[in-house]
Amino acid sequence: MGSVLRMVSPLSTMEGPGFGGAPRRRSSTVAAPTGTVVLVFTEVQGSTRLWEQCSGGMRAALDIHDRVLRALLAEHGGYEVKTQGDSFMVAFPSAVEAVCWCLRTQQELLRAPWPEELLAEPDAAEELGPGGCVYRGLRVRMGVHLGEPECRLDAQTGEVDYFGRVVNVAARVASAGQGGQVLVSGMAWARVEGELEVLGRPRVHALGEYHLQGVEEAVSLVEVLPAALVGRRFEALRVQRVLRGHVPGETGELIGRQEELAELRRCFDSGARLVTLLGPGGMGKSRLATRFGNLELAARTWEGGVWMCELTDAATVGDICHAVGQALGVALTRSGEDSEPAERLGRALAGRGDVLLIVDNVEHVIQHLPATLGRWRALAPQARFLVTSRESLLLPEERVIDLEPLEVPEEGETCKELMAAAMRCGCSSSAPGRCAAASS
Ligand SMILES: Nc1ncnc2c1ncn2[C@@H]1O[C@H](COP(=O)(O)OP(=O)(O)O)[C@@H](O)[C@H]1O
Ligand SMILES: [Mg+2]
């Protein structure tokens, strides 16, 4: 990753190890990274209120907080850029080290000798989860992001500081979270996700994409928690989630199919990860899938969005990935890391969290589905799929809705009348579809 600029802080001798009345000054002897830099911002939750309620306790608590954060910095190659109020800005040359520092610091904070006065405050009180203590003392939110910031020497301090968009995004990532939460931007997470063992197998939760204040592009966020702290429960992030997706529009009324729409909803409500709308050509599979997609998009219930694509012109695994990549807005090239486009799409889907992908017309590429859809199911455990096909996919845990034809209007009855009748009774004029596990 990035190189390092040799800097030794003039303040480096001001603090020793252990707890005590330390000055709030940086103590970094670590070299400042340059090039691709991983930035971490931290912030204490509810500090204004805590200062109001117990200023004496807060003074001691802040010293303790500073000590804990600094204690592990050198070990992980973290360069303390600066502090502002109770916030730290730290730079690492490695994303894995940055996340490791966050996770270890979260655990160390629990064990710190917080003043009793502070622990009596609701914002800093001890809380027990099923596996033990999950909160105790100051609750620190942390945000990790990476990029190539502008590096400058501060004229006054002679220290290296960072500027530019990366810095702003990193600060916003941190402030999006709740106290005790570690958020990692999708870009930083791409450097970390293969190293979960090194990180002590933390719990990872892809939260979807968010609008960060003043940041034009949506940023995908991943929550990472040490395995020992999985009992922590967080409120919603403090930023607006992007509810995105794309499903083609429809023209004309949909006749009937209300029961099938309800059946689809029931399938996903009951945890189905792969549903196939089955039926011969012209049965209305695409139309029904499109309607379902539009309803789900409008309901805004899928945090990762609802996306639809169709595979009529696809013949190979590459074609399938290209079509799905286009629908998801994931640019795939045929070189470098994209030599395995199915893997890349699986990771992209995983980064979107709770997402519905609708794939229309798969019958002529069924032989390629284990290498595409099958991989995506494995790589993106929260992603769910609706496909339309003339044949069952015969994939494990596939649920099949067998479409029956719409009833043919009786003599003298026009299609319009049939539609009106269907709308009057609020149900389909056709037999209801069946949602069942495929018999493979
Ligand atoms: N329930 C419906 N209401 C109105 N039009 C429908 C309905 N089902 C299908 N159609 C129309 O019938 C045609 C064939 O349906 P389509 O969904 O493309 O079938 P399939 O995907 O099963 O081959 C399309 O023009 C579609 O808009
Ligand atoms: Mg079709």
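Each chain carries its own residue numbering, running from 1 in the direction its sequence is written. Written order decides the labels, with chains lettered from A and ligands numbered from 1. Local features are withheld for residues below a pLDDT of 70 in this predicted model, meaning they are given only at 70 or higher, and side-chain atom pairs are given and counted only at 80 or more; totals for whole chains, interfaces and linings count all residues.

## Let's talk about the overall build of the protein chain
Put simply, the rule reads: Runs of H or I in DSSP of at least four residues are treated as helices and runs of E of at least two as strands, each being numbered from the N terminus. We call two residues in contact when the distance between their C-beta atoms, placed using the backbone, is within 7 Å.
Regarding its fold elements, the protein chain presents 12 helices and 21 strands. Intrachain contacts of the protein chain at a sequence separation of at least 6 include 76% that bridge at least 24 residues.

## Topic: the packing of helix α2 (residues 55–71) against helix α3 (residues 95–111)
Rules: To obtain each axis, a line is fitted to C-alpha atoms, and for helices this fit is confined to the stretch in contact; angles are then taken between N-to-C directions over 0 to 180 degrees. Two helices cross in a left-handed way if the nearer one is turned anticlockwise from the farther one by less than a right angle. They cross in a right-handed way if the turn is clockwise. Only Asp, Glu, Lys and Arg are considered charged, only Ala, Val, Leu, Ile, Met, Phe, Trp, Tyr, Cys and Pro nonpolar, and every remaining residue, Gly among them, polar.
Two numbers describe how α2 lies on α3: the axes approach to 9 Å, and their chain directions differ by 145 degrees. Crossing of α2 over α3 shows right-handed handedness. Residue-level contacts link Val68, Leu69 and Ala71 of α2 to Thr105, Glu108 and Leu109 of α3. Residue composition of the contact of α2 with α3, grouped by class: 4 nonpolar, 1 polar and 1 charged.

## Regarding the site of ligand 1
Note the threshold: Using a C-beta atom placed from the backbone, a residue is scored as near a molecule or strand whenever that atom is within 6 Å of it.
Neighbouring residues of ligand 1: 14 residues in total, closest Ile255, Gly284, Lys285, Ser286 and Arg287. Of all the elements, helix α8 (residues 285–299) adds the most residues to the shell around ligand 1, at 3 residues. The class makeup of the residues in the shell around ligand 1 is 4 nonpolar, 7 polar and 3 charged.

## Brief notes about the confidence of the model for the protein chain
The predicted coordinates of low-pLDDT regions are not to be read in fine detail. For clarity, the cut-off: Confidence of the prediction at every residue is given by pLDDT, a number between 0 and 100.
Summing up the model confidence of the protein chain, the mean pLDDT is 86 and the portion of residues at 70 or higher is 84%. This model gives residues 1–24 a pLDDT under 50, and the stretch forms 54 contacts once residues within four places in sequence are excluded.

## Here we look at helix α10 (residues 341–352)
For clarity, the cut-off: In this analysis, the expected span of each helix is defined as 1.5 Å times one less than the number of residues it contains. Partly exposed residues are those whose C-beta has more than 12 but fewer than 20 other C-beta atoms within 10 Å; with 20 or more the residue is buried, with 12 or fewer it is exposed, and the C-beta atoms are placed from the backbone.
In a regular helix each residue adds 1.5 Å, so 12 residues correspond to 16 Å; α10 covers 17 Å between its end C-alpha atoms and thus fits that length. In terms of residue burial, α10 counts as a mostly covered element, since 10 of its 12 residues are buried. By the burial criterion, the buried members of α10 are Pro341, Ala342, Leu345, Gly346, Arg347, Ala348, Leu349, Ala350, Gly351 and Arg352. On its buried face, α10 is in contact with α6 (186–189), β12 (203–211), β13 (219–225), α9 (317–328), β18 (356–360) and α11 (373–379). Where α10 ends, the next residue or the one after it, Gly353, has phi of about 75 degrees, a positive value.

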